[in-house]
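Chain and residue survey
Here is what each chain is made of, one letter per residue.
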Amino acid sequence: MYEPSLLRTFLAVAQTLSFTQAARRLGLRQSTVSQHVRRLEEATGRPLFVRDTHGVELTEDGEAMLGFARTILQAHERAAAYFTGTRLRGRLRFGASEDFVTTRLPEILEAFRREHPEVDLELTVELSGTLQARLEAGRLDLILAKRRGEPGGGGEGEGELVWQDTLVWIGSPRLRLDPERPVPLIVFPPPGITRARALEALQGQGRPWRISCTSSSLSANVAAARAGLGVMAHTRGLVPPGLVEVPARAGLPELGSVDFVLRKGRRRGSTQEAADALAAAILAGGDRLHRPR
């Protein structure tokens, strides 16, 4: 009733909220993506998306289908692996951006380890720029990291888009910015993408700023923000508990969008097969990465 190919297309649209980006991720024509979604909606007898000129949103039934689609695809992959007799082995060095510390990524990794117990998974958590450099140097096999985003998903650099989100200014609900004083910033050290975007935006606006806290640890920066030391640029879909978006009346400049992408290294053989399997698991559960844990 629910073909795996239709479910994969549904998940891609649900995670990117864009038929164009889903088509790019899957290597399909946009008309094929639309046809897959239409066939799945016909099979369920329910609309799964609301589409208008402003974008795409999941319906209540679409939200429910997310869990069913993941479960069906996981069962399908387990059955295929069982009957083909393939077992993944080897060492897989996976790098994830600091942004995912408080998301459901651990649940995805736990499920992967359960499905592939003979893969030695090594996890590195770092800034996106550092992960990109380590991948290029051959020190990582797969990374989940940020890159600068542009409308329509055409961000800078390589990688398979997991989802695109908006960068916003966040801080303590009690924080009040004095328009006569420099903006206090909480930032990652270079080569942090959000750091660069924040400084560029403020300089473009001609607004003075000062750095009130610098740390490569997301937890440390969040603690500083909760203490009211300043504001930080952060992904709207991953705003940590206890922090809120800075109101528009504060007059801070817009920060644009950011892409979260998967990039694979150049190793082959069992490592590449393990990287492909983990990448597929992350793409299948991508919507869980920007939802509260």
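In this report, the structure presented in the accompanying data block is examined. (Residues numbered from 1 in each chain as written. Predicted model: local features only at pLDDT ≥ 70, side-chain atom pairs only at ≥ 80, totals over all residues. Heavy atoms only, no water.)

1. Concerning the overall build of the chain
Basically, it comes down to this: Working definition: helices are DSSP H or I runs of at least four residues, strands are E runs of at least two. Numbering for both runs from the N terminus. With the radius of gyration taken over C-alpha atoms, the globule rule is written as 2.2 Å times the number of residues to the power 0.38. By the convention used here, residues are in contact when the closest approach between their heavy atoms is within 4.5 Å. Computed with the Shrake-Rupley method and a 1.4 Å probe, the accessible areas treat only the protein chains shown as cover for residues. In summary, the charge assignment counts Lys and Arg as positive and Asp and Glu as negative, without counting His or the chain termini. Charge positions are represented by NZ for Lys, CZ for Arg, CG for Asp and CD for Glu.
Looking only at helices and strands, one finds nine helices and eleven strands in the chain. Relative to a compact globule of 293 residues, whose C-alpha radius of gyration would be 19 Å, the chain shows 20 Å and is just as compact. Across its three principal axes, the chain shows a C-alpha extent of roughly 65 × 45 × 30 Å. Sequence-distant contacts, at least 24 apart, represent 75% of the contacts inside the chain between residues at least 6 apart. Carbon and sulfur atoms make up 50% of the accessible area of the chain, which amounts to about 14400 Å² in all. Within the chain, the 34 negative side-chain charges are centred at a point lying 3 Å from the centre of the 40 positive side-chain charges.

2. Notes on the packing of aromatic side chains
How we decide: Note on aromatic contacts: the rings of Phe and Tyr and the six-membered ring of Trp form a pair at centre separations within 6.5 Å, being stacked when their planes are under 30 degrees apart, edge-to-face when over 60 apart, and tilted otherwise. A 1.4 Å probe rolled over the protein chains alone gives each residue an accessible area, and that area as a share of the maximum for its type sets the label: buried under 20%, exposed over 50%, partly exposed in between.
Within this structure, the stated rule accounts for five aromatic pairs. When the centroid spacing of 5.4 Å and the interplanar angle of 45° are considered together, the rings of Phe 10 and Phe 49 count as tilted. Of the two residues, Phe 10 is situated in helix H1 (residues 4-16) and Phe 49 in strand S1 (residues 49-52); the sequence distance between them amounts to 39 residues. Here the two residues Phe 10 and Phe 49 agree in accessibility, since each one is buried. Centre to centre, the rings of Phe 100 and Phe 260 are 5.4 Å apart; their planes meet at 70°, and the pair counts as edge-to-face. Of this pair, Phe 100 sits in the loop between strand S3 (90-97) and helix H5 (105-115) while Phe 260 sits in strand S11 (residues 257-264), and the two are 160 residues apart along the sequence. Since its relative accessible area comes to 0%, Phe 260 is described here as buried. Within the aromatic cluster, the residues linked to one another by ring pairs are Phe 10, Phe 19 and Phe 49.

3. Looking at a nonpolar patch on the surface
Spelled out, the test is: The patches reported here contain residues having more than 30% relative accessible area and no salt bridge. Joining distances are 9 Å for like charges and 5 Å for nonpolar side chains (Val, Leu, Ile, Met, Phe, Trp, Tyr). By definition, a salt bridge exists where a carboxyl oxygen of Asp or Glu is found within 4 Å of a side-chain nitrogen of Lys or Arg.
Taken together, Val 101, Leu 123 and Val 125 make up a surface patch of nonpolar side chains, about 220 Å² in accessible area. Examined against the element boundaries, Val 125 turns out to sit in strand S4 (residues 119-126).

4. Let's talk about helix H3 (residues 30-44)
Just so we agree on the cut-off: Helix span, expected: 1.5 Å multiplied by one less than the number of residues in the helix. In this description, one arc is meant: the one made by directions from the helix axis to the C-beta atoms.
Helix length check: H3 (15 residues) gives 21 Å between terminal C-alpha atoms against 21 Å at 1.5 Å per residue, within 8%. Listing the buried residues of H3 in full gives Val 33, His 36, Val 37, Leu 40 and Glu 41. Buried residues of H3 fall within an arc of 130° about the axis and therefore sit on the same side. Seen from the buried face of H3, the exposed residues on the opposite side, beyond 90 degrees, are Ser 31 and Glu 42. Looking at the buried positions of H3, the neighbouring elements they touch are H1, helix H2 (19-26) and S1. The positive-phi residue at the C-terminal boundary of H3 is Gly 45, with phi of around 75°.

5. Comments concerning unusual backbone geometry
Backbone geometry follows two general trends: most residues other than glycine have a negative phi, and most peptide bonds adopt the trans configuration. Note the cis peptide between Pro 190 and Pro 191, where omega equals 10°. With respect to the helices and strands, Pro 191 occurs in the loop between strand S7 (183-187) and helix H7 (193-205). We note that Leu 17 has phi near 50°; this positive angle belongs to a residue other than glycine. Inspection of the secondary structure assignment puts Leu 17 in the loop between H1 and H2.

6. Here we look at H5
All of the buried residues in H5 are Leu 105, Ile 108, Leu 109 and Phe 112. Along the long axis of H5, the arc covered by the buried residues comes to 95°, so they all point the same way. Set apart from the buried face of H5 by more than 90 degrees, the exposed residues are Glu 110 and Arg 114. Here the buried face of H5 lies against S3, S4, strand S5 (142-148) and helix H9 (270-284).

7. Quick look at the environment of Leu 88
Following the sequence through the fold, Leu 88 ends up in the loop between helix H4 (60-84) and S3. Exposure remark for Leu 88: the relative accessible area of 16% places this residue in the buried category. Taking the C-alpha atoms as reference, Leu 88 lies 27 Å from Trp 163; in sequence the two are 75 residues apart. Those residues within four positions of Leu 88 in sequence are excluded, and the remaining contacts are His 116, Glu 118, Val 119, Glu 273, Ala 274 and Ala 277.

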